[in-house]
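# Notes for the structure review
Below, each chain spelled out in residue letters.
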Amino acid sequence: MELPDPDSYQDLNSNKSFPGSPLNEITTYLSQFNKNIESKAKNLYNDEFIRYLRTTEYNSLWYVRGAIKAEMSKSIVYIIDIEIAQDGSVSKCQCECAAGMGPFAHCKHVSTALYACACFKQHGSIKTEQTCTQRLQTFHRVKPHKGSPMKVVNLDMPGCDEVCNLPEGFDPRPEEFRNHPGYKSWFQNVCLSFKGISKTPIYQTFPPANMTGFDIDHDFLQYQGSFECLQQLNVTKISEEEARILNMKTADQAFSNLWHEERCKRIHSSVFGRICKMTERTNPEKLAESLVTKASYITNPAWTEI
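Fair warning: this is a prediction, and the values are worked out from it, not measured in the lab. (Residues numbered from 1 in each chain as written. Predicted model: local features only at pLDDT ≥ 70, side-chain atom pairs only at ≥ 80, totals over all residues. Heavy atoms only, no water.)

Scored by pLDDT, the protein has a mean of 82; 91% of the residues are at 70 or more. Contacts from residues 301-306, a stretch scored under 50 in pLDDT, to residues over four places away or in other chains number one contact. (pLDDT = per-residue confidence, 0-100. Contact = heavy atoms within 4.5 Å.)

Set out below in structure tokens:
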């Protein structure tokens, strides 16, 4: 099978003026060997076993060269060559596989390439193997676990039956502490008063304190608790000297932890507009949370060199 210069081939894409080959011409070629476009060839095409297809025109004939991955081992690639006339009829084919000896090869790799030519004739595009840059990286995704967790009763360990076969309504607490009327309040006060338990899961079971109720409950004080808290934080009341010292300590702005803390206490100019432009669609809870949450700022390294 006489082939043109390999450097003259160009990738087959939608911008190529390749006429392709209609399905009836491919069927006519394969019928000489009592074959047709089998489902296996279509499956290889749809599963993107074609690595590439390239075409060129030589002596008023179209030549197609492609690389088809082996079905059993995708690391092996077979090179196929197809000769197509101007009217779309297939004249010659060859493949590197054992069954693809030319010039009239009709193996599954040639059938897959011929089916791709028919698809290009109909749709103007073909399916090829995706490159590494076309696929999204998936290394951060958790691999699916196909097993199922084992029940404790099925574990092969001593004493397992005693733990699993507990009577209904079992309570591990001593009798004198069961259903005690003040046990819930006592347990909550012990947990909330313990300083080292703030990050434990048991702390998350208690609802947050009602600060409005706290202010109303302490109405015998001269000022409400929330007002005194804001004064102690230098929010509602700050002297000129304190403001000057604070200005010096937060001169580094985003590089200063104190600067981030002070921003969470005050409504500064960058968020004042967000508050004034609130609409019915604005979630006030999320807006308030963003104002009191320490945000991270990305600083251009070039700015620090000025």
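All right, on to the packing of helix 10 (residues 269-276) against helix 11 (residues 284-292) then. Each packed pair of helices is defined by two parameters, the angle between the axes and the distance between the axes. Viewed as axis vectors pointing N to C, helix 10 and helix 11 meet at an angle of 175°, and their least axial separation amounts to 12 Å. Considering their axes alone, helix 10 and helix 11 lie roughly antiparallel with respect to each other. Counting all contacts with helix 10, which are made through Val271, Arg274 and Ile275, the residues of helix 11 involved are Leu287, Ser290 and Leu291. A breakdown of the residues in the contact of helix 10 with helix 11 according to their chemical character gives four nonpolar, one polar and one charged. (Axes fitted to C-alpha atoms, helices over the stretch in contact; angles between N-to-C directions. Helix = DSSP H or I, 4+ residues; strand = E, 2+ residues; numbered from the N terminus. Parallel < 35°, antiparallel > 145°, perpendicular 65-115°, else oblique. Nonpolar A, V, L, I, M, F, W, Y, C, P; charged D, E, K, R; others polar.)

Here the focus is unusual backbone geometry. With glycine set apart, most residues show a phi of negative sign, and most peptide bonds adopt trans. Even without being glycine, Asn59 reaches a positive phi, approximately 55°. Looking at the secondary structure, you find Asn59 in the loop between strand 2 (50-58) and strand 3 (61-69). Even without being a glycine, Asn179 presents a positive backbone phi close to 55°. A relative accessible area of 72% places Asn179 in the exposed class. (Buried < 20%, exposed > 50% of the residue type's maximum accessible area, 1.4 Å probe, protein only.)

So, on to a nonpolar patch on the surface. Taken together, the side chains of Met150, Leu155 and Met157 present a nonpolar region at the surface, about 290 Å² in accessible area. Along the chain, Met157 turns up in the loop between helix 3 (108-123) and helix 4 (160-164). Of the residues examined, Met157 reaches a relative accessible area of 45% and is grouped as partly exposed. (Patch = residues over 30% accessible without salt bridge, like charges linked within 9 Å, V, L, I, M, F, W, Y side chains within 5 Å. Areas by Shrake-Rupley, 256 points an atom, 1.4 Å probe, with all protein chains shown as cover. Salt bridge = Lys/Arg side-chain N within 4 Å of Asp/Glu carboxyl O.)

Now for the pattern of salt bridges. When charged atoms on two side chains of opposite charge get close, those side chains can pair. Under the definition given, this model contains seven salt bridges. In this structure, Asp11 and Arg54 form a salt bridge, with 2.8 Å as the shortest nitrogen-oxygen distance. With Asp11 in strand 1 (residues 10-11) and Arg54 in strand 2, the pair connects residues that are 43 residues apart, well separated along the chain. Close ionic contact of Glu129 with Lys69 constitutes a salt bridge, the shortest N to O distance being 3.5 Å. On the criterion of sequence distance, the pair formed by Glu129 in the loop between helix 3 and helix 4 and Lys69 in strand 3 is long-range, its members being 60 residues apart. Through salt bridges that share partners, Arg51, Lys69 and Glu129 make up one connected network.

One pass over the structure, following the stated rule, counts eight aromatic pairs. Their ring planes at 40° and their centres at 5.9 Å tell us that Phe18 and Phe120 sit as a pair that is tilted. Of this pair, Phe18 sits in the loop between strand 1 and helix 1 (23-31) while Phe120 sits in helix 3, placing them 102 residues apart in sequence. Of the two residues examined, Phe18 and Phe120, each falls in the buried class. With a centroid separation of 5.5 Å and 70° between ring planes, the pair formed by Tyr29 and Phe33 is classed as edge-to-face. (Phe/Tyr/Trp six-rings, centres within 6.5 Å; stacked < 30°, edge-to-face > 60°.)

With 16 residues, helix 3 should reach 22 Å at 1.5 Å per residue; the first-to-last C-alpha distance of 22 Å fits that figure. Counting buried residues along helix 3, twelve of its 16 residues qualify, which places the element largely inside the surrounding structure. Residues His109, Val110, Ser111, Thr112, Ala113, Leu114, Tyr115, Ala116, Cys117, Ala118, Cys119 and Phe120 constitute the buried set of helix 3. Buried residues in helix 3 make contact with helix 1, helix 2 (39-46), strand 2, strand 3, strand 4 (77-84) and strand 5 (90-95). Once helix 3 finishes, Gly124 follows within two positions and takes phi at roughly 80°, a positive value. (Expected span 1.5 Å × (residues − 1).)

Next up on the list: the pairing of strand 5. Of the pairings in the sheet, the one linking strand 4 to strand 5 comprises five bridges and is antiparallel in character. Looking at strand 5, one finds that Ile84 is bridged to Val90. Linking strand 4 to strand 5, which pair antiparallel, is a turn of five residues; within it Gly88 sits at a positive phi near 95°. (Pairing = 2+ DSSP bridges.)

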